[in-house]
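Structural features, examined
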Amino acid sequence: MTVTTLTAENLNPFKIAQRQIEHAASLLNLPKEAVEILKQPKRVLSVTFPVKMDNGQVRVFEGYRSQHNDAVGPTKGGIRFHPDVTLDEVKALSMWMSFKCGVVGLPYGGGKGGVICDPREMSKGELERVSRGFMEAIADIVGPEKDIPAPDVYTTPQIMGWMMDTFSRLKGFNSPGVITGKPLIIGGSKGRNEATARGCVFTIQEALKDMGKTPEGATVAIQGFGNAGRIAAKLLSELGCRVVAVSDSRGAIYDPQGLDLNRVEELKDQGDLSSYGASFAIQPEKLLELDVDILVPAALENVITSANAAQIKASIVAEAANGPTTPEADEILFGNGVKVIPDILANAGGVTVSYFEWVQNLMNYYWSEEEVNLKLKTAMTEAYRAVQDLATQYKTDLRTAAYMISMERISKAMEARGWV
């Protein structure tokens with residue numbers, strides 16, 4: 001893998017996404033016009049909307065919705081509520097979503113949305129008003145045949161329920177297919193809550209097979225103990241792995257003998273992992289450098305960079321988060337023999353089961369959790385094998401191979417439509 005190293009590493013996610021596209025395109029020999037289309041979102045909406053807070057004051061919130069490419073089908077992707085949301089981040093995430101959908105063969109392009117806010121500082125009523133206000137602001141460009149949002153960082157099934165209800169009221173009829181990740185009672189899919197983590201674990205199992213290893217006794221460090229991180233910890237533990245370290249935004253804990261996950265979950269729910277014991281506390285950034293078999297980055301972007309990539313000792317890095325590894329870090333990890341299961345493959349389980357939810361909404365016919373999980377395993381396993389085979393053929397890393405599969409698919413759709 002050859003990546004041009006910048007004098008100062010560029011951590012702008014939009015620029016990173018563009019560089020990843022250019023690198024994969026160079027191996028595919030795609031038409032220049034197709035590459036230029038793929039390097040930019042088709043549509044980006046920037047909105048502001050007023051919300052009355054509990055103290056009676058009106059606060060104006062800012063948000064974005066990016067729709068990258070709809071050559072294959074309607075756009076699809078999460079909405080995050082976070083104080084550090086930026087336009088370039090949302091654009092990059094919508095691009096990654098296009099390739100994520102492509103690598104598992106979904107009839108979607110990529111979308112992404114975000115609101116600049118901190119939901120941890122809001123009451124339930126304020127959170128509901130922000131959720132409904134944002135959906136009102138973007139309602140003209142979303143819909144079951146246009147763009148289907150879903151949960152992301154700090155957004156929940158309840159928030160998706162409020163948004164679906166708002167859209168349905170605006171349109172004058174029930175429209176469950178406008179959004180996925182909803183509560184079951186209003187059209188959610190069984191298996192959706194665990195889908196991102198479960199899909200990631202399926203890819204880890206395949207990677208272990210390729211390396212001649214089994215999950216039993218494999219050591220795991222998980223950076224980020226939110227929904228995906230804590231479920232991945234549970235599922236990996238059930239397979240026989242030993243979870244030795246976890247972290248959240250407040251700190252990190254490490255026990256080489258294996259953490260008591262039940263206790264860790266209790267402390268996380270109470271908001272303080274440090275109560276696990278002072279002797280187990282480590283610096284959060286040191287978790288990434290632990291000598292473990294499997295490292296799962298499950299938080300935000302750009303946590304593995306050129307500054308720390310050489311210190312990564314894990315055999316497998318499975319990206320449950322979006323964009324945790326920079327191109328410079330990718331080059332170092334690949335050179336050191338670390339198998340990086342890229343975000344657009346590793347965490348594609350969420351959008352895959354979101355697709356299943358959308359299909360069930362359109363049919364008004366719902367599947368059992370066993371059926372959902374079986375279909376997910378088939379999709380993730382087949383996608384991993386296709387990416388691994390292409391990576392072997394081109395002697396490249398899994399991320400580049402995943403991009404190649406997706407970009408070729410999207411490029412063929414654009415050609416069939418007459419765009420290029």
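Burial analysis of strand β7 (residues 242-248) places 6 of its 7 residues in the buried class, the great majority of the element. In this region the chain leaves strand β6 (residues 219-223), passes through helix α7 (residues 227-238) and returns to the parallel neighbour β7; the handedness of that crossover is right-handed. Strand direction decides the pairing type here: β7 and strand β8 (residues 251-254), joined by 4 bridges, are antiparallel. By the bridge assignment, D248 is partnered in β8 with G251. What sits between β7 and β8 in their antiparallel hairpin is a turn of 2 residues.

Among the nonpolar cores identified, the biggest contains 85 residues, and F99, I204, V246, I294, V296, I341 and M407 are the most heavily contacted of them. By residue number, the principal contributor to this core is helix α14 (residues 398-417), which donates 9 residues. Residues in contact with M407, not counting those within four places in the same chain, are I21, A24, A25, L28, L30, L38 and F99. One finds F49, M53, V115 and M122 within the second-largest nonpolar core, a separate group that totals 26 residues.

Backbone hydrogen bonds hold the strands of a sheet together, and the pairing may be parallel or antiparallel. The mixed open sheet is built from 7 strands, whose spatial order is β9-β8-β7-β6-β10-β11-β12. Single-partner strands in this sheet number two, and they are β9 (281-282) and β12 (339-341). Taken strand by strand, helix α6 (residues 192-210) contacts β10 (294-297), β11 (316-318) and β12, and its axis lies near 155° from that of β12. Contacts between α7 and the sheet are confined to β6, β7 and β10, with β6 contributing the most and set at about 170° to the helix.

For the pair helix α13 (residues 369-394) and α14, interaxial distance at closest approach is 8 Å and the crossing angle is 110°. One finds that α13 runs roughly perpendicular with respect to α14. Across the interface between the two elements, Y384, A386, V387, Q388, L390, A391 and Y394 of α13 pack against L398, A401, A402, M404 and I405 of α14. Along the lines of polarity and charge, the residues of the contact of α13 with α14 split into 11 nonpolar, 1 polar and no charged.

Considering the arrangement of structural elements, one finds A233 in helix α7. On the basis of relative accessibility, which here comes to 1%, the residue A233 falls in the buried class. When the C-alpha atoms of A233 and V44 are compared, they prove to be 36 Å apart, with 189 residues separating the residues in sequence.

Taken in spatial order, the 5 strands line up as β1-β2-β4-β3-β5 in an open sheet, and their pairing is mixed. Where the open sheet ends on each side, the last strands, each with one partner, are β1 (43-52) and β5 (147-151). Neighbour to neighbour, the strand axes of the sheet diverge by 25° on average, direction disregarded. Examined bridge by bridge, strand β3 (residues 75-82) and strand β4 (residues 109-116) share 6 bridges and lie parallel to one another. When the bridges of β4 are listed, F81 appears paired with V115. Helix α4 (residues 124-138) rests against β1, β2 (58-67), β3 and β4 of the sheet, and its axis sits at about 140° to β1.

Buried within helix α10 (residues 327-335) are the following residues: P327, E328, A329, D330 and L333. In this fold, the buried residues of α10 make contact with α1 (13-28), β12 and α14. Two residues or fewer past α10, G337 is found with a positive phi of approximately 80°.

For α13, with 26 residues, the first-to-last C-alpha span of 37 Å sits near the 38 Å given by 1.5 Å per residue. Every buried residue of α13 is listed here: V372, N373, L376, A379, M380, A383, Y384, V387, Q388, L390 and A391. Each element contacted by the buried residues of α13 is listed here: α3 (87-103), α6, β12, α11 (343-346), α12 (349-363) and α14. The positive-phi residue at the C-terminal boundary of α13 is K395, with phi of around 55°.

Mapped onto the elements, N373 comes out in helix α13. Assessed through its relative accessible area of 16%, N373 is described here as buried. Contact partners of N373, with chain neighbours within four places excluded, come to G191, R198 and F202.

With that settled, consider the pattern of salt bridges. Applying the stated criterion across every chain, the model contains 29 salt bridges. Residues E194 and R198 are paired through a salt bridge, measuring 2.3 Å at the closest nitrogen-oxygen approach. Of the two residues, E194 and R198 both sit in helix α6, 4 residues apart, roughly one turn of that helix. Taking the relative accessible area as the measure of exposure, E194 reaches 22% and is therefore partly exposed.

Calculation notes
- Residues numbered from 1 in each chain as written.
- Predicted model: local features only at pLDDT ≥ 70, side-chain atom pairs only at ≥ 80, totals over all residues.
- Heavy atoms only, no water.
- Buried < 20%, exposed > 50% of the residue type's maximum accessible area, 1.4 Å probe, protein only.
- Helix = DSSP H or I, 4+ residues; strand = E, 2+ residues; numbered from the N terminus.
- Right-handed = clockwise from strand over helix to strand, strands pointing away.
- Pairing = 2+ DSSP bridges.
- Core = buried A, V, L, I, M, F, W, Y, C linked by side-chain atoms within 4.5 Å.
- Contact = heavy atoms within 4.5 Å.
- Axes fitted to C-alpha atoms, helices over the stretch in contact; angles between N-to-C directions.
- Parallel < 35°, antiparallel > 145°, perpendicular 65-115°, else oblique.
- Nonpolar A, V, L, I, M, F, W, Y, C, P; charged D, E, K, R; others polar.
- Expected span 1.5 Å × (residues − 1).
- Salt bridge = Lys/Arg side-chain N within 4 Å of Asp/Glu carboxyl O.

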